[in-house]
Amino acid sequence: MTTTIQFGKDKYHLQGEMANWCKTQLGQNPNYGDWVYDEPKTWEGLGTWCMSSMFGTTIFYFKDESDATMFALKWVL
(Lines give C-alpha, C1' and ligand atoms only; values in the text may rest on other atoms or scores of the structure.)
Protein backbone atom coordinates (compact mmCIF):
# COMPACT_ATOMS: atom_id res chain seq x y z
CA MET A 1 0.00 0.00 0.00
CA THR A 2 1.24 3.47 -0.89
CA THR A 3 0.84 6.54 1.31
CA THR A 4 0.60 9.86 -0.53
CA ILE A 5 1.12 13.44 0.60
CA GLN A 6 0.05 16.23 -1.75
CA PHE A 7 1.04 19.89 -1.86
CA GLY A 8 -0.45 22.75 -3.83
CA LYS A 9 1.23 25.64 -5.61
CA ASP A 10 1.99 27.38 -2.33
CA LYS A 11 4.77 24.86 -1.60
CA TYR A 12 5.94 24.28 -5.18
CA HIS A 13 9.12 26.28 -4.54
CA LEU A 14 10.10 23.76 -1.82
CA GLN A 15 10.02 20.73 -4.14
CA GLY A 16 13.79 20.45 -4.47
CA GLU A 17 14.40 20.91 -0.77
CA MET A 18 11.77 18.25 0.04
CA ALA A 19 13.33 15.81 -2.43
CA ASN A 20 16.79 16.42 -0.96
CA TRP A 21 15.40 15.79 2.52
CA CYS A 22 13.94 12.48 1.33
CA LYS A 23 17.25 11.47 -0.24
CA THR A 24 19.11 12.24 2.99
CA GLN A 25 16.60 10.74 5.41
CA LEU A 26 15.08 7.88 3.36
CA GLY A 27 17.77 7.08 0.81
CA GLN A 28 18.44 7.46 -2.89
CA ASN A 29 16.14 5.90 -5.45
CA PRO A 30 17.80 3.32 -7.69
CA ASN A 31 17.20 2.90 -11.42
CA TYR A 32 14.36 5.34 -12.17
CA GLY A 33 15.28 8.27 -9.96
CA ASP A 34 12.91 10.32 -7.84
CA TRP A 35 10.28 11.27 -10.41
CA VAL A 36 7.36 9.13 -11.57
CA TYR A 37 4.34 9.91 -13.75
CA ASP A 38 1.75 8.46 -11.38
CA GLU A 39 1.35 6.50 -8.17
CA PRO A 40 3.52 3.39 -8.33
CA LYS A 41 1.58 0.20 -8.99
CA THR A 42 4.57 -1.76 -7.75
CA TRP A 43 7.68 -0.60 -5.92
CA GLU A 44 9.95 -2.85 -7.98
CA GLY A 45 12.91 -0.83 -9.23
CA LEU A 46 12.10 2.10 -6.91
CA GLY A 47 13.35 2.96 -3.47
CA THR A 48 10.94 3.73 -0.65
CA TRP A 49 9.71 7.09 -1.94
CA CYS A 50 9.15 9.00 -5.19
CA MET A 51 7.33 12.08 -6.40
CA SER A 52 5.33 13.54 -9.26
CA SER A 53 4.29 17.06 -10.15
CA MET A 54 1.80 18.59 -12.54
CA PHE A 55 0.42 22.12 -12.87
CA GLY A 56 1.94 23.19 -9.55
CA THR A 57 0.65 20.21 -7.56
CA THR A 58 3.36 17.99 -6.12
CA ILE A 59 2.65 14.51 -4.78
CA PHE A 60 5.07 12.45 -2.72
CA TYR A 61 4.51 8.68 -2.60
CA PHE A 62 5.85 6.54 0.22
CA LYS A 63 6.17 2.78 0.37
CA ASP A 64 6.23 2.79 4.18
CA GLU A 65 3.68 4.69 6.23
CA SER A 66 6.33 5.46 8.86
CA ASP A 67 8.40 7.32 6.23
CA ALA A 68 5.32 9.32 5.23
CA THR A 69 4.71 10.23 8.86
CA MET A 70 8.29 11.41 9.33
CA PHE A 71 8.02 13.46 6.10
CA ALA A 72 4.71 14.99 7.22
CA LEU A 73 6.14 15.99 10.58
CA LYS A 74 8.88 17.90 8.77
CA TRP A 75 6.95 19.45 5.86
CA VAL A 76 3.22 19.49 6.63
CA LEU A 77 2.81 20.38 10.29
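These numbers come from a predicted model, not from an experiment.

**Student:** Can you break down the overall build of the protein residue by residue, with the values?
**Tutor:** What the protein contains, in helices and strands, is two helices and three strands. By the compact-globule yardstick of 11 Å for 77 residues, the protein fits well, its C-alpha radius of gyration being 11 Å. Across the 77 residues of the protein, 42% fall into the buried class. When contacts within the protein are restricted to residue pairs at least 6 apart in sequence, long-range pairs at least 24 apart make up 52% of them. Counting every atom, the protein has about 4,900 Å² of accessible surface; 52% of that belongs to carbon and sulfur. Across the protein, 6 positive and 9 negative side-chain charges occur, with their mean positions spaced 6 Å apart.

**Student:** Residues and numbers for the pairing of strand 3 (residues 57-62), please.
**Tutor:** The buried fraction of strand 3 amounts to five of the six residues, a majority that puts the element mostly inside the structure. Judged from the five bridges that link them, strand 1 (residues 3-7) and strand 3 form a sheet pairing that is antiparallel. Along strand 3, the bridge assignment pairs Phe7 with Thr58. Judged from the six bridges that link them, strand 2 (residues 49-54) and strand 3 form a sheet pairing that is antiparallel. For Trp49, the partnering residue across the bridge sits in strand 3 and is Phe62.

**Student:** Lay out the side chain of Gln15 with the relevant residues and their values.
**Tutor:** You can see Gln15 is positioned in helix 1 (residues 15-26). The class for Gln15 is buried, based on a relative accessible area of 11%. Of note is the side chain of Gln15, whose polar atom sits 2.8 Å from the side chain of Ser53. Gln15 has contacts with Trp35, Met51, Ser53, Thr58 and Phe60, leaving out every residue within four places of it along the chain.

**Student:** Any details on the packing of aromatic side chains? Residues and values, ideally.
**Tutor:** Scanning all chains against the criterion turns up seven aromatic pairs. Aromatic side chains Phe7 and Phe60 sit 6.3 Å apart centroid to centroid with 85° between the ring planes, which places their arrangement in the edge-to-face category. With Phe7 in strand 1 and Phe60 in strand 3, the pair connects residues that are 53 residues apart, well separated along the chain. Phe60 carries the same exposure label as Phe7, and that label is buried. Here the aromatic rings of Phe62 and Phe71 are separated by 5.0 Å at their centres, their planes lie at 45°, and the arrangement is tilted. The exposure classification of Phe62 matches that of Phe71, with both residues buried. Its guanidinium or amino end placed over the ring of Trp75, Lys74 lies 5.3 Å from that ring's centre, counting from NZ or CZ.

About the cut-offs
- Residues numbered from 1 in each chain as written.
- Predicted model: local features only at pLDDT ≥ 70, side-chain atom pairs only at ≥ 80, totals over all residues.
- Heavy atoms only, no water.
- Helix = DSSP H or I, 4+ residues; strand = E, 2+ residues; numbered from the N terminus.
- Rg over C-alpha atoms; globule rule 2.2 N^0.38 Å.
- Buried < 20%, exposed > 50% of the residue type's maximum accessible area, 1.4 Å probe, protein only.
- Contact = heavy atoms within 4.5 Å.
- Areas by Shrake-Rupley, 256 points an atom, 1.4 Å probe, with all protein chains shown as cover.
- Lys, Arg positive; Asp, Glu negative; His and termini not counted.
- Charge placed at Lys NZ, Arg CZ, Asp CG, Glu CD.
- Pairing = 2+ DSSP bridges.
- Polar contact = N/O pair within 3.5 Å; in protein donor to acceptor, adjacent residues only side chain to side chain.
- Phe/Tyr/Trp six-rings, centres within 6.5 Å; stacked < 30°, edge-to-face > 60°.
- Lys NZ or Arg CZ within 6 Å of the ring centre and 35° of its normal.

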